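A structural walkthrough
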Amino acid sequence: MAIGGATGGDGNIPKKKQRVGSNSQLSSTRAVINSSFTDETLTEGSHKSPTLRHSSSVHGGSSGGGGFNDSDTADVILRLHLDHRRSPFDSFGTSFDSVSFDASDVQIYLHSHILRRAKYFSALLSDRWQRHNDDDPPQIHRLNLGVPPTPDSINDYLEVLRLLYSDDFSTSINSVVTALALLPIALELLFEDCIKACVKFLEAVPWSEDEERKILNLIPFLSNEESKEILTRVSPLKNGSSEDMLHGLILSAIHNHPNMAFAKAFVAKLLRDFSSKESVRRVLDKVFERSLKVVKESLEEYSSPNFRGDHNETEAIQRLNLHSAMTNGKHLLWLVERMIELRVADTAVKSWSEQASFTADLQRAFRDDAWRNIAPSLPAVVLRCTSRLANAVATGNILAARQVRMKLVNDWLPVLIVCKDNMSPMCTNHKSLCLELEETFLRIISTLPVEDAQELLQQCLSFSTRNVEDCPHLVTAFTTWFRRANRSPPADDFRQ
């Protein structure tokens, strides 16, 4: 799965919708959260049997009395039934006489003074709560409510209705699954206390990816205040947060983390899986330039010291400069390998081809024997960076312009020659590295115009060995050049 992907279907948080007490609006609220069940129609046998129990009311008071589903004191009888044909609440307010009953119907005894907590019931029954005379007996209001045919829908509605009789929401709302089941119903009924309890629970606990998607779909139906904390979790306060995070992770992995190898491997995976290649390119370019700058400054300080002091102090500073160059050079090599792997090394190749001053400092440093004891692996690190980038150019992984190809060879060929001359005796790995870079440079030279190739090939004589048969790559390069050079020049019209 790609990292850093969009938060929703189109990558944006859905727009806010006004919370109003209309059937169509409330129905759509329920439909949003249950969108994943649109193809699942419950049969009577697949739906769990509704769970009904009596409960005392904390809102009844001495004047109202009665608890949930108390038939002795109820003045509202509400029928819940699965409605396969209509959206939620389309059948609200229908009289019992016009509806047929089946085995999935549930009849609940409620109290109008408790239902007042839900603004939807308050608006629906406001005229029915008015008695013409205080001495008139309470009127029994019979209502019908169709609920969507989704898993546990009747039990979820029953739980929300039961919570009208309680202030203890924590007992019922104890999981994300429960909060997501009750919140849409509370939104439909405009049961503000239940809405707040569900949102408060969701703010404080982790979510799965599927749960997060459902929460994002509900955000438009929440007020700005209600959704503020949730939004800070699922969307950044500013643009570029993903790139800032990647940049920080890379720096931490290559500079600060104690288990550097493990951290680098993990960050490499994040970079491979990240959804935006351009973001990865920008981040890697930024870190590459930073690391390259440190290496260059360290070599410049070492090659052209600008300080006074005794010999011991001077030597200590020089050691620090070479050690800094080697350490950051290793970081640079890791970055180069990641950029080539992800095919985003275009800028790095161009930058590496514009390092005349840096390559001059490297040649001065490698002609001095001090590096052998202080940073013996520095030449190999530098040559590996060059080899990786040059090989990416030669294989077409990076399509570099002619001037970039020419400058890359022109600036770094002298470094290769100095390394060969001063890394004696060379170990097998160093010999293999130098030979690989020689072959790569010759392949790049073969892509240049004859005149440019002539100038660079003359510098490659150092690739020759005591036995001519041991340098076939050099023989091939000169053979190719002479074959091209011996051709007759094209006509003037062709050159134009």
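Keep in mind that what you see is a predicted model, and the values were worked out from it rather than measured.

One way to put it is that helix 15 (residues 356–367) packs onto helix 18 (residues 402–422) with a least axis distance of 9 Å and a crossing angle of 10 degrees. Classed by the angle they form, the pair helix 15 and helix 18 counts as roughly parallel. Contacts between helix 15 and helix 18 pair Ala356, Phe358, Thr359, Leu362, Gln363, Phe366 and Arg367 from the former with Asp411, Trp412, Pro414, Val415, Val418, Cys419 and Asn422 from the latter.

Quick look at helix 20 (residues 450–457) now. Of all the positions in helix 20, only Asp452, Ala453, Leu456 and Leu457 are classed as buried. Along helix 20, the residues classed as buried sweep out an arc of 125 degrees about the axis, all on the same side.

Turning our attention to the environment of Ala401. Examined against the element boundaries, Ala401 turns out to sit in the loop between helix 17 (378–394) and helix 18. Judged by relative accessible area, Ala401 falls into the partly exposed class, the value being 47%. Remark: the alpha-carbon pair of Ala401 and Lys350, spanning 51 residues in sequence, is separated by 8.9 Å.

Time to look at the pattern of salt bridges. Taken as a whole and judged by the stated rule, the model has 18 salt bridges. Between Asp210 and Arg213 there is a salt bridge, with its nearest N and O atoms 2.7 Å apart. Taken as a pair, Asp210 and Arg213 lie in helix 8 (residues 209–218) at a separation of 3 residues, close to a single helical turn. The partly exposed category is assigned to Arg213, whose relative accessible area is 31%. Each of Arg117, Asp167 and Asp193 takes part in one network of salt bridges that share partners.

Turning our attention to the packing of helix 10 (residues 241–256) against helix 12 (residues 277–303). The geometry of helix 10 relative to helix 12 is characterised by a closest axis approach of 9 Å and an angle of 40 degrees between their N-to-C directions. One element, helix 10, and the other, helix 12, form an angle in the oblique class. Note that helix 10 runs across helix 12; the crossing there is right-handed. Residues Glu243, Leu246, His247, Ile250, Leu251 and Ile254 of helix 10 lie in contact with helix 12, whose contacting residues are Ser279, Val280, Arg282, Val283, Leu284, Lys286, Val287, Arg290 and Ser291. For the contact of helix 10 with helix 12, a count of residues per class yields 8 nonpolar, 3 polar and 4 charged.

Now for the pairing of strand 3 (residues 141–147). Burial runs high along strand 3: 6 of the 7 residues are buried. By the bridge criterion, 7 bridges tie strand 1 (residues 76–82) to strand 3 in an arrangement that is parallel. The partner of His81 across the bridge, within strand 3, is Gly146.

Taken in spatial order, the 3 strands line up as 2-1-3 in an open sheet, and their pairing is mixed. Among the strands making up the open sheet, the edge pair consists of strand 2 (106–110) and strand 3. Strand-to-strand twist in this sheet, taken as the mean axis angle between neighbours without regard to direction, amounts to 25 degrees. Against the sheet, helix 5 (residues 153–163) touches strand 1, strand 2 and strand 3, its axis set at about 155 degrees to strand 1.

Okay, helix 11 (residues 260–273) next. Look at helix 11: 20 Å from first C-alpha to last across 14 residues, which is about the 20 Å you get at 1.5 Å a residue. Listed as buried for helix 11 are Ala263, Lys264, Val267, Ala268, Leu270 and Leu271. Looking straight down helix 11, one finds its buried side chains confined to an arc of 160 degrees; they lie on one side. The outward face of helix 11, more than 90 degrees from its buried face, is lined by the exposed residues Ala261, Phe262 and Phe266.

Assignment of secondary structure puts Glu438 in helix 19 (residues 428–445). Beyond its immediate sequence surroundings of up to four residues, Glu438 is in contact with Leu416, Lys420, Phe463 and His473.

Here we come to the nonpolar core. Core analysis: the largest hydrophobic core is formed by 81 residues, its most contacted members being Ile250, Leu284, Trp352, Phe366, Leu378 and Trp412. Element by element, the count of residues in this core is highest for helix 18, at 11 residues. Ignoring sequence-local partners within four residues, the contact set of Ile250 consists of Val267, Leu271, Val283, Leu284, Val287, Trp334 and Leu335. Within the second largest apolar cluster, 53 residues are counted, among which are Val147, Val160, Ile173 and Leu189.

So, on to the state of the cysteines. Counted according to the given criterion, the structure contains 0 disulfides. Here Cys434 is not cross-linked by a disulfide; its sulfur's nearest cysteine counterpart is in Cys419, at 6.6 Å. With relative accessibility at 2%, the residue Cys434 sits in the buried group.

Quick look at unusual backbone geometry now. With phi around 60 degrees, Asn69 is a residue other than glycine that occupies positive phi space. With respect to the helices and strands, Asn69 occurs in the loop between helix 2 (61–64) and strand 1. Within the chain, Arg343 stands out as a residue other than glycine whose phi angle is a positive 60 degrees. Examined against the element boundaries, Arg343 turns out to sit in the loop between helix 13 (311–341) and helix 14 (346–352).

Cut-offs used in this document
- Chains are numbered independently. Their residues run from 1 in the order of the written sequence.
- Given that this is a predicted model, residues contribute local features only at a pLDDT of at least 70 and side-chain atom pairs are listed and counted only at 80 or more, while totals for whole chains, interfaces and linings are drawn from all residues.
- Note: side-chain values were computed over all heavy atoms of the structure, leaving out hydrogens and water.
- To obtain each axis, a line is fitted to C-alpha atoms, and for helices this fit is confined to the stretch in contact; angles are then taken between N-to-C directions over 0 to 180 degrees.
- Working definition: helices are DSSP H or I runs of at least four residues, strands are E runs of at least two. Numbering for both runs from the N terminus.
- Angles are sorted into four bins: roughly parallel if under 35 degrees, roughly antiparallel if over 145, roughly perpendicular if 65 to 115, and oblique for all others.
- When checking whether two residues touch, look at their non-hydrogen atoms; a contact exists if any pair is within 4.5 Å.
- Three labels apply to residues, based on accessible area from a 1.4 Å probe with only protein chains included: buried if under 20% of the type maximum, exposed if over 50%, partly exposed otherwise in between.
- Picture the helix axis, draw a direction to every C-beta atom, and the arc is the one those directions span.
- Salt bridges are identified by distance alone: a Lys or Arg side-chain nitrogen within 4 Å of an Asp or Glu carboxyl oxygen.
- Helix crossings get a hand from a simple test, with the near helix turned counterclockwise from the far one by less than a right angle marking a left-handed crossing and a clockwise turn marking a right-handed one.
- Gly falls in the polar group here, along with every residue not listed as nonpolar (Ala, Val, Leu, Ile, Met, Phe, Trp, Tyr, Cys, Pro) or charged (Asp, Glu, Lys, Arg).
- Note on pairing: two strands pair once DSSP finds at least 2 bridges between them.
- One less than the number of residues in a helix, times 1.5 Å, gives the span that helix is expected to have.
- What is meant by a nonpolar core is a set of buried Ala, Val, Leu, Ile, Met, Phe, Trp, Tyr and Cys residues, joined one to another through side-chain atoms within 4.5 Å.
- Pairs of cysteine sulfur atoms within 2.5 Å are what we label disulfides.

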